[in-house]
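An overview of the molecular structure
Chain by chain, the residues:
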Amino acid sequence: MLNRLTISEVTAKVSRREASAREVTQACLDQIQRVDGQVKAFLSYDSADALAQAAAIDAAIANGANHTDKPLLGVPIAMKDVLSVKGQPLGCASKILEGFTSVYDATVVEKLKAAGAIVFGRLNMDEFAMGSSTENSAYFTTRNPWDTSRIPGGSSGGSAASVSADECIASLGSDTGGSIRQPAALCGCVGLKPTYGRVSRYGLVAFASSLDQIGPFTKDVRDAATLLEVISGHDLRDSTSIPQPVPHYRGALTGNIKGLKIGLAKEYMVGGLDPEVKASVDAAVKQLESMGAEIVEVSLPHTEYAVATYYIVATAEASANLARFDGIRYSKRVDGGNPAELYKNTRGAGFGPEVKRRIILGTYVLSSGYYDAFYLRAQKVRTLIRQDFDKAFEKVDVIVTPTTPTAAFRAGEKSADPLQMYLSDIFTISCNLAGNCGLSLPCGFTKEPKLPIGLQMLGKPFGEETLLRIAHAYEQATGWHQEKSPFSK
Amino acid sequence: MSADFNVHYVANLARIALTPEEEAKLGTQLGGVLQYIEKLGELDVKAVEPTAHSFPLVNVLRADEVRPSLPHEDALRNAPSKGGGLFLVPKIVE
């Protein structure tokens, strides 16, 4: 049962010597054995390595290590297959990286290990983080622990499903257009996308460098605060990481939200929004108001242009970033008559359909004659989207929206039509374009079948403390996070 | 803008070999996506500055001193073809 615990509960038990790091780790591995045949969250995991890390931590505890210095002592945390962990496979759920072994630790991995966490597992995702369902994984589709006929969301679908199925205590994922918040919403856990530059991207395989951020998946808001505090901070190895001090995020969880101003964006309560999702979000807003928050209507008038802007900016950056997978220094090689043929054959055989689609689109919008019409124009619209948020945040502390227009959809439902899949990210995409922080947490369930509904809170740049304070107060007042998926045992 | 979108030509620029079936399918799908993103043409952006980065930092520098870097053998560890401490590639210059 140790696998069901939160970070706070595990660290309390471990510090009181009621459980060892080894027992907690073994409980997670046992749960994976029991349920992952159905959930399919993990591409792979190295039990021996995880248990060896746990044994080293137990030895350190016996020698006096404590949670004041190492806040994650004894906590097993699983990794999306896009983060570099030295000596472990790194594949981005792509055939092109089959057999690749990381040769260094990502900064977030270094930080987690230094804080006493057991870093383990390779969590499934859409190939190169491109997708909203894990159906673009080159290996298999992860299943939603609440209903295995449905997708867990994406691209960090494995990260969300593994937390909801209690296969780990928490996990990390990455968010370029909603890839943390959307799966967290669909699987019923807490997902946080930090402000751009808050967390170092060193050791994160780049998809769209001006949008990507690493963030936590947790079972409650306090755990998100704990993990964010560990992984945040300036890093010399990421020139886009921002030199700002890291606050004590858990200190922000006061439970008091009186007088805070919460914005409702009229553009987000639009057609296509499922009635049950709308009802849950409306109820959440009433709840926040009853706790003393002031509700203010705001406008984000360029919302309808966000998806189009995103699919130009993100694909353009991806086409440049993924040029490195050429069969020369790493990745599988497929030979050709000359170097150009080698590249083309390697990439033609190694990339899946969605990755090809996006690289080709990105190449097109950057190509001679189209740059101004597509890429430059999108960058300008990005300015307008950012200005929308700047104006709104002059009036309010956070903006509350649904995380997704519907609860989890069925596997296969949208995979044939890429545009429909892209449009399912409508509520999460603007946050990345603007660079703000955002969080999703459970705010209710659909009736039949019972599926989680996510509430999204968008914060100011470096406004994570306020975001976490409001989310925590809401969570403690409603208790939605205590509802567990059928796989949680 | 997208009437002249030529998948074959752009795939070559992107150095991705496509089968004829892939080309046909991608052409149709991307045609739809391009039509959708042309929506941005509705906006007047003449006076708007482009955003490349949300929080652009300029002149991010560090002291010019030697620091530990990836050991040679680690850099070669995942190479599909290597020899003599080097990546092996097909002949480029005739």
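In what follows, the accompanying structure is described.

Scoring rules and cut-offs
Residues numbered from 1 in each chain as written. Chains lettered and ligands numbered in written order. Predicted model: local features only at pLDDT ≥ 70, side-chain atom pairs only at ≥ 80, totals over all residues. Heavy atoms only, no water. Helix = DSSP H or I, 4+ residues; strand = E, 2+ residues; numbered from the N terminus. Rg over C-alpha atoms; globule rule 2.2 N^0.38 Å. Buried < 20%, exposed > 50% of the residue type's maximum accessible area, 1.4 Å probe, protein only. Areas by Shrake-Rupley, 256 points an atom, 1.4 Å probe, with all protein chains shown as cover. Lys, Arg positive; Asp, Glu negative; His and termini not counted. Charge placed at Lys NZ, Arg CZ, Asp CG, Glu CD. Contact = heavy atoms within 4.5 Å. Buried area = accessible area lost by both parts, 1.4 Å probe. Salt bridge = Lys/Arg side-chain N within 4 Å of Asp/Glu carboxyl O. Polar contact = N/O pair within 3.5 Å; in protein donor to acceptor, adjacent residues only side chain to side chain. Phe/Tyr/Trp six-rings, centres within 6.5 Å; stacked < 30°, edge-to-face > 60°. Lys NZ or Arg CZ within 6 Å of the ring centre and 35° of its normal. Core = buried A, V, L, I, M, F, W, Y, C linked by side-chain atoms within 4.5 Å. Pairing = 2+ DSSP bridges. Axes fitted to C-alpha atoms, helices over the stretch in contact; angles between N-to-C directions. Patch = residues over 30% accessible without salt bridge, like charges linked within 9 Å, V, L, I, M, F, W, Y side chains within 5 Å.

So, about the overall build of chain B. Summing up its helical and strand segments, chain B has three helices and two strands in all. Ordered by position from the N terminus, the helices and strands of chain B form the series α-α-α-β-β. Relative to its length of 94 residues, chain B is extended, with a C-alpha radius of gyration of 22 Å against a globular reference of 12 Å. Expressed as lengths along the three principal axes of its C-alpha atoms, the size of chain B is roughly 55 × 45 × 25 Å. When the 94 residues of chain B are sorted by exposure, 28% land in the buried category. For chain B, the accessible surface area stands at approximately 6600 Å², while carbon and sulfur atoms represent 56% of it. Each charge class in chain B can be summarised by its mean position, and for the 9 positive and 13 negative side chains these summaries are 6 Å apart.

With that settled, consider the overall build of chain A. When helices and strands are tallied, chain A shows 15 helices and eleven strands. Its C-alpha atoms give chain A a radius of gyration of 21 Å, near enough to 23 Å, the size a compact globule of 489 residues would have. Along the longest, intermediate and shortest principal axes, the C-alpha atoms of chain A span 65 × 55 × 45 Å. Split into buried and exposed, the 489 residues of chain A put 66% on the buried side. A separation threshold of at least 6 residues defines the contact pool for chain A, and within that pool the share at least 24 residues apart is 76%.

Turning to the interface of chain B and chain A, a few remarks are in order. If you look at the interface, chain B gives 54 residues, while chain A gives 67 residues. Interface of chain B and chain A: buried area, both sides summed, is about 5500 Å²; carbon and sulfur atoms make up 70% of it. At the boundary of chain B with chain A, the tally comes to two salt bridges. When the shortest N-O distance is used, the salt bridge between Lys39(B) and Glu304(A) registers 3.0 Å. Counting every contact that joins chain B to chain A gives 19 residue pairs in polar contact (both at pLDDT 80 or more). Elements supplying a minimum of two residues to the side of chain B that touches chain A: helix H1 (7–13) and helix H2 (20–37) of chain B. Top element by residues in the side of chain B that touches chain A is H2(B). It accounts for nine residues.

All names here are of chain A. Scanning the model with the defined rule gives 19 aromatic pairs over all chains in all. Here the aromatic residues Phe100, Phe128, Phe325, Tyr330 and Phe351 are joined through ring pairs into a cluster of three or more. It is lysine 414 that lies over the ring of phenylalanine 409; its NZ or CZ is 4.6 Å from the centre. Residue placement shows lysine 450 over the ring face of phenylalanine 445; its charged tip is 4.7 Å from the ring centre.

This next bit is on the nonpolar core. Counting 171 residues, the largest nonpolar core has Leu72(A), Leu112(A), Phe128(A), Ile399(A) and Ile37(B) as its most contacted members. The element best represented in this core is helix H9 (residues 306–321) of chain A, accounting for ten residues. Apart from residues lying up to four places away in sequence, Ile37(B) is in contact with Ala308(A), Ile312(A), Leu361(A), Val365(A) and Phe374(A). Grouped together as the second largest cluster of nonpolar side chains are five residues, Ile151(A), Leu186(A), Ala408(A) and Phe409(A) included.

It is worth spelling out the pattern of salt bridges at this point. Residue and element names in this part refer to chain A. Counting across every chain of the model gives 22 salt bridges over all chains. When the shortest N-O distance is used, the salt bridge between arginine 150 and aspartate 147 registers 2.9 Å. In terms of burial, arginine 150 and aspartate 147 fall into one category: buried. With a closest N to O distance of 3.5 Å, arginine 237 and aspartate 235 form a salt bridge. Judged by relative accessible area, which is 34%, arginine 237 ranks as partly exposed.

As a further point, take the sheet that holds strand E10 (residues 437–445) of chain A. Residues and elements named next belong to chain A. In spatial order, the strands read E1-E3-E2-E4-E6-E5-E10-E11-E9-E7-E8; together these eleven strands make up an open sheet with mixed pairing. Both outer strands of the open sheet, strand E1 (42–44) and strand E8 (294–298), are each paired with one neighbouring strand and no more. Strand-to-strand twist of the sheet, defined as the mean angle between neighbouring strand axes without regard to direction, takes the value 35°. Those strands touched by helix H12 (residues 371–395) are strand E7 (261–265), E8, strand E9 (398–402) and strand E11 (452–459), and its axis lies near 115° from that of E9.

Residue and element names in this part refer to chain A. Within helix H5 (residues 157–164), eight of the eight residues are buried, which leaves the element mostly enclosed by the surrounding structure. The complete set of buried residues in H5 reads Gly157, Gly158, Ser159, Ala160, Ala161, Ser162, Val163 and Ser164. Among the residues trailing H5, aspartate 166 stands out with phi positive, at a value near 55°.

Our focus in this paragraph is the environment of Gly369(A). As for its position among the elements, Gly369(A) is in the loop between helix H11 (353–366) and H12. For the pair formed by Gly369(A) and Met457(A), sequence separation is 88 residues and the distance between their alpha carbons is 39 Å.

Residues Phe87(B), Val89(B), Ile92(B) and Val93(B) make up a contiguous nonpolar surface patch of about 380 Å² in total accessible area. Note that Phe87(B) resides in strand E2 (residues 86–87).

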